[in-house]
Amino acid sequence: MDKKFEPLIIGFTCNWCSYRAADMAGISREKYPPNVRLIRLMCSGRLDPTFILKALAGGADGVLVTGCHPGECHYLEQNFKAARRFSLLKRMLNQMGIEPERVKLVWASAAEGVRLAKEITTMVEEVRALGPLNWPGVVAEDGNGYVAHLAPEEVSA
Amino acid sequence: MSKEKIGVYVCHCGTNISGTVDVEEVSKWAGENLEKDGVVVSRDYKFMCSSLGQELIEADIKEQGLTRVVVAACSPHLHEQTFRTAVKRADLNPYLCEMVSIREQVSWVHTDKKIATEKSKSVIAGGVKRVAFHEELEPLQVPINEATLVVGGGIAGIQAALEIADSGFPVYMVEREPSIGGHMAKFDKTFPTLDCAACILTPKMVSVGDHPHINMYTYSEVEKVDGYVGNFTVTIRKKARYVDTDVCTGCGICEEKCPQKVIDDIFEAGLGYRKAVYRPFPQAVPKYPVIDTDNCIYFQRGKCKACQIFCPTEPNSIDFEQQDEIIEITVGNIILATGYDLFDARRVPQYGYGRLANVFTSLEFERMCNAAGPTNGEVVLRDGVTTPEAVAIVHCVGSRDRNYNNYCSVICCMQSLKFAHLVKERTGAEVYNFYIDMRTPFKDYDEFYQKVLEEGAHFIRGRVAEITDAARMPGEEGKLIIQAEDTLIGKQRRIPVDMVVLSAGLESRADAKEVAHKFGISCSTDEWFIEKHPKLDPVATMTEGVFIAGACQGPKDIPASVAQGAAAAARVLSRIQSKELALEPVRASVIEEKCSGCRICNNLCPFNAIIFHEDRMVTEINPALCQGCGTCVAACPSEAITGTQFSNEQILAQLEGLLMLDVEGGLVSMLEPEMA
Amino acid sequence: MKYGYYPGCSMERNAIAYHHSTMAVAGALDIELQEVEDWNCCGATEYFSLELLPAYALVGRNLALAANQSVNGNQLIAPCSACFLNLAKTDHYMSTSPDLADQVNEALAAGGLHYDPGSVKVRHLLDIVVNDVGFPAIAEKVTKPLYNLRVAPYYGCLIVRPGTQKSFDDPEYPTTMDTLMQTLGAEVVDFPLKAHCCGGHMTQISENVALEMIRRLLKNAADYEADVIVTLCPMCQLNLDAYQDSVNKLFGTNFNIPILYFTQLMGLAFGMRAVELGFGKEFVSATLALTKIGAEPPPKPKKKRPAKGELPMPAMPEEDNQ
């Protein structure tokens, strides 16, 4: 069955810049693929790295993290802290065998709706090319080691 | 089975949403598939934000005992407040209402209707799962200090200051130059009425200077801003004038006797001179002069002191030992009215500004026309004596140009028409205006254009390619030649003139970005300050308590600047009158029992809201200072810090909802058992 | 510093002075120019107007040969503006149009060659001199400054308007050669027509039109009292020099301005002999102009007190540096 794979990507946005950029993309009617679903946080600094892990474990094929440009955070410097956490998380994800293109950080100011739409479009294609993450299917049932992609199985409660 | 009773409301927004998303299907799906999450009623309606739409919600709350509400419509930035208020009217805590966007983030940006509908379902599922974890919250009341800070003493700042001060509340005005007045004080006449700029401005300036409720700090700059709305602590550096303002009478003898002449770059736009001890212009407010230490003979070489010698006051007003003064004030609101800078015409080398003597910028020409300016109001060439017989006025220099600034500077067409009129009036010379479009939109503006047309000014529609003195034919010797395509006749033209005036565009101030950062607001890509909403809220910013007015928000003419100054003042006055401001209760707080005293969070707060108690070895967060960013919440390894409205449970629940369906609407098969 | 070198046809004929002076100056500045083996004509401005594909293939062959020699990161210098543009343009269009690249490579394959677009970086000689060598290094080599020589720098229209890559100088009012001349000690006169067309090959097509264009340039230089016009393109030099006489005849003017290459002036300033630098080959003799070069620096003009009522001029960036 050759249906085109549609990646499911979760995006975390900050209330002041990137969420407004997404709104701005809407106001400008700038079209982008519907594969991204956004969660609004007050600040990119609120982003607990576990959210990203939960998203991937929960079925997302990729996660997009966005926030205000460095130097322009509404809360002054919290996006720097988000950036720090993000780089550490990326290393960890690498070690877990998750391709780096699946988790991306993009800074977008409130005026950059069109640009955010372009970034989303690019990322959707990149993740599409990687195929589904299917994380629980990748890790063997007993939790040991890395096993090739398994077909999804129903697990009794 | 959830114990909450959740109402879901899906808006059509006319056809804005329903044109792409099948709202009825979404509403039906929510009612059926989210029942186990607590949804007891699910409706769709054409305009949820209308009073009828709101009444739907209120009725359901009252009749069905709803405990939570989810509205799927436009952006929460638009109507979250509307729905919260509606919910409040039905006696339900407003923070138990969650709004999700299926317009800006779904119907307006996606084309595939089926997939957009599936996405809307997931988005609503996210909202429903999240809202179950919402708590009742009360907004924080913050007291508002009565005083206001106005930064910038141009026409917008002056208007704002006067409006607030006339209402009886104290205003601090900080102006960087030695006198208030801004750019308007430099102009000769203002369009379209041809009022003398100084005549209409100076009475206002004097009012500001004399006003009992305005504290004017000129020759000063804001160094630091701390605090938040209602309670800003501002540090001002009052630069040393080297003149004792308590004694000085403003007689001007020091200026007269000073032997050091300097080119005045600021007020005279480089076209005239001032002394090392100077007042920018005769009607300066305040009237006290200032010593420019970079050019003062005493400060550079230790000699002269003529100003001190000739100063008639007892004791002497000149004080060479004066130091900068640091002043701290507390204000409740801040209005930024810092104005614009003129586009540097030297960046367009083919126009010859700086190379060719008789090419002038608009500000230079204003000073030339001004009766108190370097030529006493006579329109003459750079030699100071020759009257031009032909003058070219070039529109859009540095504006509407991808090489420099892409935007239109708004005032240049009217200004160029004004120049055309003044040139005709004072010299009878031939006038050529080179324009792209004539932009004369407001009251009496187009009539002014028609008047100038009747006066016989020539208008050539074409962007000037080059201004050169390289004569090609006998008639061009000794002249400046404008080479432009006359697009209306489709021919290249070379027009010899004596003098060229470049209507240079308006740009944001060179330090706009630093100023924005200092006050906690942002700049757009062109470095104008960003307003809260470009159509509906042009004077507020995203930062509570900081407002913007005038050209610093974007190029505009004097009436618009005055209107914005007054608008900002009105906003501030309403805050002052209400004495308190309700702030969103998005705050972090520490669950003491869970806190292990690791202090990872301590250094993360830029607002100094996190305190560590050494005696109990636990951290506490000050709710008054906390701005609700949530960084500490994310950092705590013990999950000992909770953030209201953005708690871990809420966000993870929303995540679960978003991952309920895959892109095409099938169930996502990868749900971890514990997340269900 | 080593570079690939594409001389172009004119360097062997009418621009032989440019060739000699370039070689001399390159030696002085430690620039090694490795000529592309078996290069062919670039097609100048004619061939592209006749048949596009053969024209691109013609230039593509040079690029392929240069890429094979792979000197210093494949940087290729062309001293002639037209050669420079043709090479740059071909490389660019082959990059943006895979079809063109395929067709050109098909043609090149016949000669056993292949060119990957983007592998050669094409630069003009002036670009190397002002950016890679740099003004301080040039100033160090100046032993006989060109004091008292009034120079009008003429760039011609091609060098600053590639459109395919960011120009190394302002397209409307370039100033790098001006600064170069100042570094050599010469007095640079303002020459507003510095980037205006010299007529190019119009001299062959419609001579009167070209002569008018040449006349404008000469007149502008003469109005500003330039002693020499310094150029960087063999075509411009040829037009302004060889046709100066025809201009005088047609318009009744009596221009007598030598047209020199910037490398010739550089060589003179470095203390080389005029004969080494190709002097004597020009139509309008440079001898008289060269006698103006003095050993003493001209006195710094006293800061003129502005006449009563005269308005001050705006400060220009160069003045801040002096």
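1. Brief notes about the interface of chain B and chain C
Next up, step 1: Of the residues lining the interface, 29 residues belong to chain B; the matching set on chain C comes to 24 residues.
Next up, step 2: The largest share of the area that chain B buries against chain C comes from R355, R382 and R472 of chain B, three residues that together contribute 28% of it.
Next up, step 3: With a closest N to O distance of 3.6 Å, R355 of chain B and D190 of chain C form a salt bridge.
Next up, step 4: The tally of links between chain B and chain C comes to nine residue pairs in polar contact (both at pLDDT 80 or more).
Next up, step 5: Tallied by class, the residues present in the side of chain B that touches chain C amount to 13 nonpolar, seven polar and nine charged.

2. Focus: unusual backbone geometry
Next up, step 1: With an omega dihedral of -10 degrees, the bond running from F191 of chain B to P192 of chain B counts as a cis peptide bond.
Next up, step 2: Among the structural elements, P192 of chain B can be located in the loop between β8 (189-190) and β9 (195-196).
Next up, step 3: With an omega of 0 degrees, the peptide bond running from E314 of chain B to P315 of chain B counts as cis.
Next up, step 4: Structurally, the position occupied by P315 of chain B is in the loop between α10 (306-310) and β17 (325-331).
Next up, step 5: Despite not being glycine, Q645 of chain B has its phi angle at roughly 70 degrees, a positive value.
Next up, step 6: Mapped onto the elements of the fold, Q645 of chain B is located in the loop between β34 (641-643) and α17 (648-658).
Next up, step 7: One non-glycine residue, A44 of chain C, adopts positive backbone phi at about 45 degrees.

3. Let's talk about the packing of helix α6 (residues 125-133) of chain C against helix α13 (residues 262-269) of chain C
Residue and element names in this part refer to chain C.
Next up, step 1: At a closest axis distance of 11 Å, the pairing of α6 and α13 adopts a crossing angle of 40 degrees. Looking at the two axes, α6 sits oblique to α13. Only F262, T263 and M266 of α13 make contact with α6, whose side of the interface consists of L125, L126 and V129.
Next up, step 2: Its residues assigned to classes, the contact of α6 with α13 comprises five nonpolar, one polar and no charged.

4. Overview of the pairing of strand β11 (residues 220-228) of chain B
The side chains of a regular strand alternate between the sheet's two faces.
All names here are of chain B.
Next up, step 1: As defined by bridge partners, β11 adjoins strand β12 (residues 231-238) across eight bridges and the pair is classed as antiparallel. The partner of D226 across the bridge, within β12, is T233.
Next up, step 2: Turn length for the β11-β12 hairpin, with the two strands adjacent in sequence and antiparallel, is two residues, and the turn residue G230 shows positive phi of about 90 degrees.

5. Section: the domain arrangement of chain C
Residue and element names in this part refer to chain C.
Next up, step 1: Each domain of chain C was delimited in the assignment, giving domain 1 (2-125) and domain 2 (135-292).
Next up, step 2: Taking only C-alpha atoms, the centre of domain 1 and the centre of domain 2 are 24 Å apart.
Next up, step 3: Taken together, the contacts link 28 residues of domain 1 with 24 residues of domain 2.
Next up, step 4: Each partner contributes to the roughly 2200 Å² buried at the junction of domain 1 and domain 2, and carbon and sulfur atoms together form 74% of this total.
Next up, step 5: For the pair domain 1 and domain 2, the interface holds zero salt bridges.

6. Notes on the packing of aromatic side chains
For any two aromatic rings, the description comes down to two numbers: the centre-to-centre distance and the angle of the planes.
Residue and element names in this part refer to chain B.
Next up, step 1: Considering all chains together, one arrives at 21 aromatic pairs over all chains under this definition.
Next up, step 2: Seen from their ring centres, F191 and Y445 are 5.5 Å apart, and the 85 degrees between their planes marks the pair as edge-to-face. Of the two residues, F191 is situated in the loop between β8 and β9 and Y445 in helix α13 (residues 445-454); the sequence distance between them amounts to 254 residues. Accessibility assignment for this pair places F191 and Y445 in one class, buried.
Next up, step 3: Consider the rings of F267 and F281, whose centres lie 4.6 Å apart with planes at 20 degrees: the pair is stacked. Of this pair, F267 sits in the loop between β13 (261-264) and β14 (272-275) while F281 sits in the loop between β15 (277-278) and β16 (290-291); the two residues are 14 residues apart in sequence, bridging distant segments of the chain.
Next up, step 4: For F281, a relative accessible area of 8% gives the class buried.

7. Brief notes about the packing of helix α6 (residues 155-166) of chain B against helix α15 (residues 558-578) of chain B
All names here are of chain B.
Next up, step 1: Contact pair α6 / α15: the axes reach a minimum separation of 8 Å and the direction vectors enclose 35 degrees. When you trace α6 past α15, the crossing you get is right-handed. Contacts between α6 and α15 involve I155, A156, Q159, A160, E163 and I164 on the former and, on the latter, I558, S561, V562, G565, A566, A569, V572 and L573.
Next up, step 2: Residues of the contact of α6 with α15, tallied by class, amount to 10 nonpolar, three polar and one charged.

8. Points about the interface of chain B and chain A
Next up, step 1: Contacts between the two partners involve 54 residues from chain B, matched on the other side by 56 residues from chain A.
Next up, step 2: Of the roughly 5000 Å² buried at the junction of chain B and chain A (both faces included), carbon and sulfur atoms supply 62%.
Next up, step 3: Across the chain B-chain A interface, the total number found is one salt bridge.
Next up, step 4: Residue R40 of chain A is joined to E80 of chain B by a salt bridge in which the shortest nitrogen-to-oxygen separation is 3.3 Å.
Next up, step 5: At the junction of chain B with chain A, the criterion picks out 19 residue pairs in polar contact (both at pLDDT 80 or more).
Next up, step 6: Here the element with the most residues in the side of chain B that touches chain A is α17 of chain B; it accounts for six residues.
Next up, step 7: When its residues are assigned to classes, the side of chain B that touches chain A shows 26 nonpolar, 19 polar and nine charged.

9. Some points on the sheet that holds strand β1 (residues 9-14) of chain A
Residue and element names in this part refer to chain A.
Next up, step 1: Read from one edge of the open sheet, four strands run β2-β1-β3-β4, paired in parallel fashion. A single partner strand is all that each edge strand has here, and the edge strands are β2 (36-41) and β4 (103-107). Adjacent strand axes in the sheet meet at a mean angle of 20 degrees when their direction is disregarded.
Next up, step 2: Summarising the sheet, strand β3 (residues 62-67) and β4 pair through five bridges and their orientation is parallel. Bridge pairing links L64 to K104 in β4.

10. Some points on the confidence of the model for chain C
Next up, step 1: The pLDDT averaged across chain C works out to 89; a share of 96% of its residues lies at or above 70.
Next up, step 2: Predicted complex metrics record ipTM = 0.88 and pTM = 0.83.

11. Let's talk about the environment of Y154 of chain C
Next up, step 1: Position of Y154 of chain C among the secondary structure elements: in the loop between β5 (150-153) and α8 (176-183).
Next up, step 2: Separated by 107 residues in sequence, Y154 of chain C and Y261 of chain C place their C-alpha atoms 9.7 Å apart.

12. As for the sheet that holds strand β27 (residues 499-504) of chain B
All names here are of chain B.
Next up, step 1: In space, the five strands of this open sheet follow the order β20-β27-β21-β22-β23, with parallel pairing throughout. In this open sheet, the two edge strands, each paired with only one partner strand, are β20 (359-361) and β23 (458-461). For this sheet the average axis-to-axis angle between neighbouring strands, irrespective of direction, equals 20 degrees.
Next up, step 2: Relative to strand β22 (residues 430-435), strand β21 (residues 390-397) runs parallel, the two being bridged by five bridges. Following the sheet pairing, V394 is matched in β22 by F434.
Next up, step 3: Against the sheet, helix α11 (residues 362-369) makes contact with β20 and β27, and its axis sits at roughly 90 degrees relative to β20, the strand it touches most.

Reading the values: rules and limits
- Residues numbered from 1 in each chain as written.
- Chains lettered and ligands numbered in written order.
- Predicted model: local features only at pLDDT ≥ 70, side-chain atom pairs only at ≥ 80, totals over all residues.
- Heavy atoms only, no water.
- Contact = heavy atoms within 4.5 Å.
- Buried area = accessible area lost by both parts, 1.4 Å probe.
- Salt bridge = Lys/Arg side-chain N within 4 Å of Asp/Glu carboxyl O.
- Polar contact = N/O pair within 3.5 Å; in protein donor to acceptor, adjacent residues only side chain to side chain.
- Nonpolar A, V, L, I, M, F, W, Y, C, P; charged D, E, K, R; others polar.
- Helix = DSSP H or I, 4+ residues; strand = E, 2+ residues; numbered from the N terminus.
- Axes fitted to C-alpha atoms, helices over the stretch in contact; angles between N-to-C directions.
- Parallel < 35°, antiparallel > 145°, perpendicular 65-115°, else oblique.
- Pairing = 2+ DSSP bridges.
- Domains from an automatic or database assignment.
- Phe/Tyr/Trp six-rings, centres within 6.5 Å; stacked < 30°, edge-to-face > 60°.
- Buried < 20%, exposed > 50% of the residue type's maximum accessible area, 1.4 Å probe, protein only.
- Left-handed = near helix turned anticlockwise from the far one by under 90°.
- pLDDT = per-residue confidence, 0-100.

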